[in-house]
Each structure stands twice: as structure tokens, then as C-alpha cells.
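Now for the letters of each chain:
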Amino acid sequence: AYYKSKGEIIQQGEDRELAQLETNAQSALAVLNKQRDERLGAIDALYAAGALKQKEYDDERKVIDDRFQQSALLNEINFSEQLVKLMEARGLDTSDAEAKIAAARAAIYKQDAENHKAAVDKKIEQEKELKDKSIEAAKEVYSAVFSILSNSFENQKNQLQEQIDMIEQPKQKEIQAINE
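The structure displayed is predicted, hence computed values, not measured ones.

K.L.:
Teacher, can you tell me more about the overall build of the chain here?
P.N.:
For the chain, the helix and strand inventory stands at three helices and zero strands. The helix and strand sequence of the chain, counted from the amino end, reads α-α-α. At 39 Å, the chain has a C-alpha radius of gyration far larger than the 16 Å of a compact globule built from 180 residues. Overall size of the chain, expressed as C-alpha extent along the three principal axes, is 150 × 35 × 15 Å. For the chain, with 180 residues in total, the buried portion stands at 11%. In the chain, the proportion of contacts linking residues at least 24 apart, taken out of those at least 6 apart, comes to 65%. For the chain, the accessible area works out to roughly 14600 Å², and carbon and sulfur atoms hold 56% of it. Charge centroids of the chain, computed over 26 positive and 35 negative side chains, lie 3 Å from each other.

Below is the structure:
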């Protein structure tokens, strides 16, 4: 009973290795959860302080949740890859598991690329809207300046006409007096 068979010793070593893999995966997930909670707390504080509008707040929460889900899934994939290595070391066929892991990783990368493209498209749209608003504001400013200048010019023209009329009025009276 004191001596274990070689198979029992190997099995215990592999079980410890499996337990360590599970512990590492759970620890990594706990770190991800903590980071997610901290980020959510930060945007909650910004929203409560009025620094974020409802839509911005909702968008930020979605981004944080999406990133957490992706990171958690990558963590699970990493755990699965390590588990596959352990299974290979035990001489088990892992080709099906490897194919599923590769497909899951490809799906994550595809989703990440789509999210990045959507973010870039959104940024481009926001920049276009800002540019359009800037152009519209510039047009309004130019219109206001033109209106002010036109009014100023019109006022100066009227003042000149009044001065001309004031000069002409005595001349007209003199001409009328001579003609009568």
C-alpha cells in the first residue's frame, strides 16, 4: 500500500496538471470579471455625474460587455488548447477538438474584424456629420456677416444720399427763387 504503481503516479500527476489548468482558467476569468466591473463602475460614475448622455452610456456598456465576452471566450479557448495538449500527452485523439477550437478562434477574429470595421465606419460617419455641421455653421456665419455688411453699406448709402439731398436742397431753393 505504500508503493503506488507507475500508472497511479502518472494519473495523479496528470490530474494535478488538469486541476492547475482549471485553476489558471478560473483565475484569468476572475481577473476579466474584475476589469469589467471596474470599467462598468467608471462609466456608471460618468453617467451619474452627467458626463455621458444615455446613448453614449448604453454604447459604452455594450462595448465593455462585448469585449468581456470576447476575452472570456478567448480565455476558454486557451484553456481548451491546453487541455488538448494534455489529452495528446495521454495519447488521445484530439483532431476533432483542435478543429472546433480553430473554428471558434476564427469566429472570434471574424467578429473582432467586423466590430472594428463597424467602429471605423461609425467614426467616419461622425466625422462626416461634424464636417457637414461645420460647413453649415460657416455658411450661417458668412450669411450673417454678409447681411451685416449689406445693412452697413445700405446705411452708408442712405446717409450719403441724405447729405447730398441736404446740399441739393438749398441749391434747389435758390434755383426756384431765380425761376420765380
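Once you've had a look at it, read on.
K.L.:
Just to check I follow, could you spell out the layout of surface pockets for this structure?
P.N.:
Gaps between atoms show up when a probe of the same size as a water molecule is rolled over them. A volume near 810 Å³ is recorded for the largest pocket. V63, D66, R67, N115 and A119 are, among the 23 residues lining the largest pocket, the residues nearest its centre. Each residue belonging to the lining of the largest pocket can be placed in one class, and the counts come to seven nonpolar, six polar and 10 charged. Of the voids in this model, the second largest pocket is the one considered here, and its volume is about 180 Å³. Lining the second largest pocket, in full, are K53, K55, E56, D59, K122 and Q126. Of all the elements in the fold, those that place two or more residues in the lining of the second largest pocket are α2 (54-89) and α3 (95-179). Take the lining of the second largest pocket: its biggest share by element is three residues, from α2. Partitioning the lining of the second largest pocket into residue classes produces no nonpolar, one polar and five charged.

K.L.:
Hey, could you run me through the packing of α2 against α3 in this one?
P.N.:
The packing of two helices is summarised by the inter-axis angle and the distance between the axes. Packing of α2 against α3 leaves a shortest axis separation of 10 Å and a crossing angle of 160 degrees. In terms of their interaxial angle, α2 and α3 are classed as roughly antiparallel. Relative to α3, the crossing made by α2 is left-handed. Touching D59, Q70, L73, L74, I77, N78, S80, E81, V84 and E88 of α2 are A97, E98, I101, A104, R105, I108, D112 and K122, all from α3.

K.L.:
In this structure, what is going on with the environment of A104? I would like to understand it.
P.N.:
Here A104 lies in helix α3. Taking C-alpha positions, A104 is 8.9 Å from L74, a pair spaced 30 residues apart along the chain.

Rules used in this analysis
- Residues numbered from 1 in each chain as written.
- Predicted model: local features only at pLDDT ≥ 70, side-chain atom pairs only at ≥ 80, totals over all residues.
- Heavy atoms only, no water.
- Helix = DSSP H or I, 4+ residues; strand = E, 2+ residues; numbered from the N terminus.
- Rg over C-alpha atoms; globule rule 2.2 N^0.38 Å.
- Buried < 20%, exposed > 50% of the residue type's maximum accessible area, 1.4 Å probe, protein only.
- Contact = heavy atoms within 4.5 Å.
- Areas by Shrake-Rupley, 256 points an atom, 1.4 Å probe, with all protein chains shown as cover.
- Lys, Arg positive; Asp, Glu negative; His and termini not counted.
- Charge placed at Lys NZ, Arg CZ, Asp CG, Glu CD.
- 1 Å grid on protein atoms, 1.4 Å probe; cavity = no way out; pocket = protein on both sides within 12 Å on 5 of 7 lines; lining within 4 Å.
- Points joined across faces, edges and corners; volume = space filled by probe spheres on them.
- Nonpolar A, V, L, I, M, F, W, Y, C, P; charged D, E, K, R; others polar.
- Axes fitted to C-alpha atoms, helices over the stretch in contact; angles between N-to-C directions.
- Parallel < 35°, antiparallel > 145°, perpendicular 65-115°, else oblique.
- Left-handed = near helix turned anticlockwise from the far one by under 90°.

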